[in-house]
Amino acid sequence: MNEFIQYLKDEKNKAPNTIVAYGRDIRAFDRFLKSREVGFLLDCRENDAVAYVMDLDKKKKSASTINRKISSLRLYYDFYKERGEIDINPFDDIKTAKPETREIEFLTVDEIEKLIDLPDDSHKGYRDKALLEFMYGTGARVTEVVRLRFSDINFKMNFVMCSDGTEEKRIIPMGKYCKKALIEYIDKAYNAIKGDIRLPDDYVFINFRGSPLTRQGIWKILKEYGEMMDIKDRMTPQILRNSFAVHILQNGGDLKTLQELMGFDDISAGMAYLSVIKVRVRDVYNRSHPRA
C-alpha cells in the first residue's frame, strides 16, 4: 500500500484529497476480502471483484461511488501487474455502473442575497448571517462547518482550513462578505451566546448552551429561513454548496479549480454541475440566436 501511495504522489501527481480517497477505497476492499477469507489484497480473483461490486450495489451505493471504487482498485492492481507481482488485474473486465441522472438543486444569486438579508440584528441573527455567508461563501460541507474552530480561520490572509474528520485539511479562500459577517458575529454576539469569553480554539458556530452546532441544528436553522422565503423543502446544506459551485462556473470558473475548492476526490464529481451550465448556455442560445 505504501508503495502504491508513493506512486500516486510521484508518478501520477495526484492531489492529496485524491490520494486519501484511493487509500480509503483500497482499505474498504481489503476489509471485504477478509470477510471472504481472502487474506491479502494481491490474492484477489475476478470473482471477488464481481462480488464486491454486487455488494456495493446491494448496499445502494450510488453509481458514481461504485465507479470511483472500481477506478481506484483497477489502478491499484494495474500498478502491481506492471511490477510483475500479479498476472491478471481482477478489475479489468468489471463494467462501470451507469451514472444516475439527477437534477442539481441550487439557488439563484438573487435568492442567495434575499436569504442572507433575512437574519436580524439579534445575537442569533449575527450568528445565522455568519453561518449562511460561510456556507455559501466557502462551499463547505456541513460536517466541515460543525468542526470549524477559530484557529482554522486566518483573517489576515483571508482563508479557512476545513476538515470533515480526515487527516487532510483543505484551504479555501474567504471572501470579504464572509469575513465581515464572521467579524460582526465575533464582536457583537459570540461571547453573549457562549456565556463566556471567546478562546482561540473554540468552535465557531455554537448554540445558546455554548456547544457546537450539530448537523441537525444547522438543518433547523436553514429550514427556518427557507420557510421565510417559501423554499423550506429545498433549503438544505447541500443546496448552498451546490449554489457555491454553480455560481462559480456561471462566472467563468473551471472544473479543476472547483475540484480543489470543494474537495472532490476527482474532477468527474464536478461534471454534474457543468451540466447545469450547459443547459443555461443552450437556453440563452435558443432565446438569442436568430436561427436557433
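Each value, and the rule that gives it
Residues numbered from 1 in each chain as written. Predicted model: local features only at pLDDT ≥ 70, side-chain atom pairs only at ≥ 80, totals over all residues. Heavy atoms only, no water. Buried < 20%, exposed > 50% of the residue type's maximum accessible area, 1.4 Å probe, protein only. Helix = DSSP H or I, 4+ residues; strand = E, 2+ residues; numbered from the N terminus. Pairing = 2+ DSSP bridges. Salt bridge = Lys/Arg side-chain N within 4 Å of Asp/Glu carboxyl O. pLDDT = per-residue confidence, 0-100. Contact = heavy atoms within 4.5 Å. Axes fitted to C-alpha atoms, helices over the stretch in contact; angles between N-to-C directions. Parallel < 35°, antiparallel > 145°, perpendicular 65-115°, else oblique. Nonpolar A, V, L, I, M, F, W, Y, C, P; charged D, E, K, R; others polar. Core = buried A, V, L, I, M, F, W, Y, C linked by side-chain atoms within 4.5 Å. Phe/Tyr/Trp six-rings, centres within 6.5 Å; stacked < 30°, edge-to-face > 60°. Lys NZ or Arg CZ within 6 Å of the ring centre and 35° of its normal.

J.: Would you explain the pairing of strand E3 (residues 170-173) in this entry?
T.: In the case of a regular strand, side chains alternate between the two sheet surfaces. Burial along E3 is one-sided: the residues Arg170 and Ile172 are buried and none of Ile171 and Pro173 is. Sheet topology note: the strand E2 (residues 159-162)/E3 ladder contains 4 bridges and is antiparallel. Within E3, the residue paired with valine 160 across the bridge is isoleucine 172.

J.: What is the right way to read the pattern of salt bridges from this model?
T.: Pairs can form between side chains of opposite charge whenever their charged atoms are close. Inspection of every chain in the model, using the stated rule, returns 19 salt bridges. Across the salt bridge formed by lysine 124 and glutamate 224, the nearest N and O atoms sit 3.1 Å from each other. Of this pair, lysine 124 sits in helix H6 (residues 123-138) while glutamate 224 sits in helix H9 (residues 215-228), and the two are 100 residues apart along the sequence. Relative accessible area serves as the criterion here: at 27%, lysine 124 is assigned to the partly exposed category. Residues aspartate 128 and arginine 127 are paired through a salt bridge, measuring 2.9 Å at the closest nitrogen-oxygen approach. Taking the relative accessible area as the measure of exposure, arginine 127 reaches 4% and is therefore buried. Within the structure, one salt-bridge network assembled from shared partners comprises Lys124, Arg127, Asp128 and Glu224.

J.: I tried to follow the sheet that holds E2 on my own but got confused; where do I start?
T.: The strand order E1-E2-E3 describes an open sheet built from 3 strands, whose pairing is antiparallel. Two strands bound the open sheet, and with one partner strand each, they are strand E1 (153-154) and E3.

J.: Quick question: what am I supposed to make of the pairing of E2 here?
T.: Here E2 shows a clear split, with Val160 and Cys162 buried on one side and none of Phe159 and Met161 buried on the other. Where E1 hands over to E2, the hairpin turn is made up of 4 residues, of which asparagine 158 adopts a positive phi near 60°.

J.: Just to check I follow, could you spell out the confidence of the model for the chain for this structure?
T.: Low-confidence regions, as indicated by low pLDDT, have predicted coordinates that should not be scrutinised in detail. Scored by pLDDT, the chain comes out at a mean of 89, with 90% of its residues at no less than 70. Across the chain, the secondary-structure element scoring lowest on mean pLDDT is helix H12 (residues 271-288), at 61, and the one scoring highest is H6, at 98.

J.: Even after reading the chapter, I still don't get the side chain of asparagine 207, so can you show me in this structure?
T.: Looking at the element boundaries, asparagine 207 is found in the loop between helix H8 (176-194) and H9. For asparagine 207, a relative accessible area of 13% gives the class buried. Beyond its immediate chain neighbours, meaning those up to four positions away, asparagine 207 contacts Arg127, Ile193, Pro212 and Leu213.

J.: Explain the packing of H6 against helix H10 (residues 237-250) to me, please; I cannot follow it from the model alone.
T.: Packed helices, taken two at a time, are described by their axes: the angle between them and the distance between them. Where H6 contacts H10, the axes come no closer than 7 Å and their chain directions differ by 45°. Taken together, the axis directions place H6 and H10 in an arrangement best described as oblique. Contacts between H6 and H10 pair Leu132, Met135, Tyr136, Gly137 and Thr138 from the former with Pro237, Leu240, Ser243, Phe244 and His247 from the latter. Within the contact of H6 with H10, the residues separate by chemical class into 6 nonpolar, 4 polar and no charged.

J.: Would you take a moment to explain the nonpolar core for this structure?
T.: Nonpolar side chains tend to gather and get buried jointly when the protein is soluble and globular. Judged by nonpolar contacts, the single largest core of 55 residues is most densely connected at Phe134, Leu182, Tyr185, Phe205, Ile218, Leu240 and Tyr273. Tallying contributions element by element places H8 first for this core, with 8 residues. Apart from the residues within four sequence positions on either side, leucine 240 is in contact with Leu107, Ile112, Leu115, Leu132, Met135, Tyr136, Leu222 and Met235. Ile5, Ile19, Cys44 and Tyr80 belong to the second-largest nonpolar core, a separate cluster that totals 30 residues.

J.: Would you take a moment to explain the environment of glycine 165 for this structure?
T.: By the element assignment, glycine 165 lies in the loop between E2 and E3. Taking the C-alpha atoms as reference, glycine 165 lies 8.0 Å from threonine 143; in sequence the two are 22 residues apart.

J.: Quick question: what am I supposed to make of the environment of tyrosine 185 here?
T.: Position of tyrosine 185 among the secondary structure elements: in helix H8. Separated by 58 residues in the primary sequence, tyrosine 185 and arginine 127 place their C-alpha atoms 5.5 Å from one another. Not counting the four nearest positions on each side in its chain, tyrosine 185 is found in contact with Tyr126, Arg127, Ala130, Tyr190, Ile193, Val204, Phe205 and Ile206.

J.: Would you mind showing me how to read the packing of aromatic side chains here?
T.: Centre-to-centre distance and the angle between the planes together describe a pair of aromatic rings. Per the counting criterion, the structure on display carries 18 aromatic pairs. Aromatic pair tyrosine 185 and tyrosine 190: ring centres 5.6 Å apart, planes at 75°, arrangement edge-to-face. The buried category is assigned to tyrosine 185, whose relative accessible area is 0%. According to the relative accessible area criterion, tyrosine 190 is buried, its value standing at 1%. Feature note: the residues Phe4, Tyr7, Tyr22, Phe29, Phe32, Tyr52, Tyr76, Tyr77, Phe79, Tyr80 and Phe91 constitute an aromatic cluster, connected by ring pairs. The ring of tyrosine 203 is capped by arginine 149, whose NZ or CZ atom sits 4.0 Å from the centre of that ring. Here arginine 198 stacks its cationic end above the ring of phenylalanine 150, 4.6 Å away from the centre of that ring.

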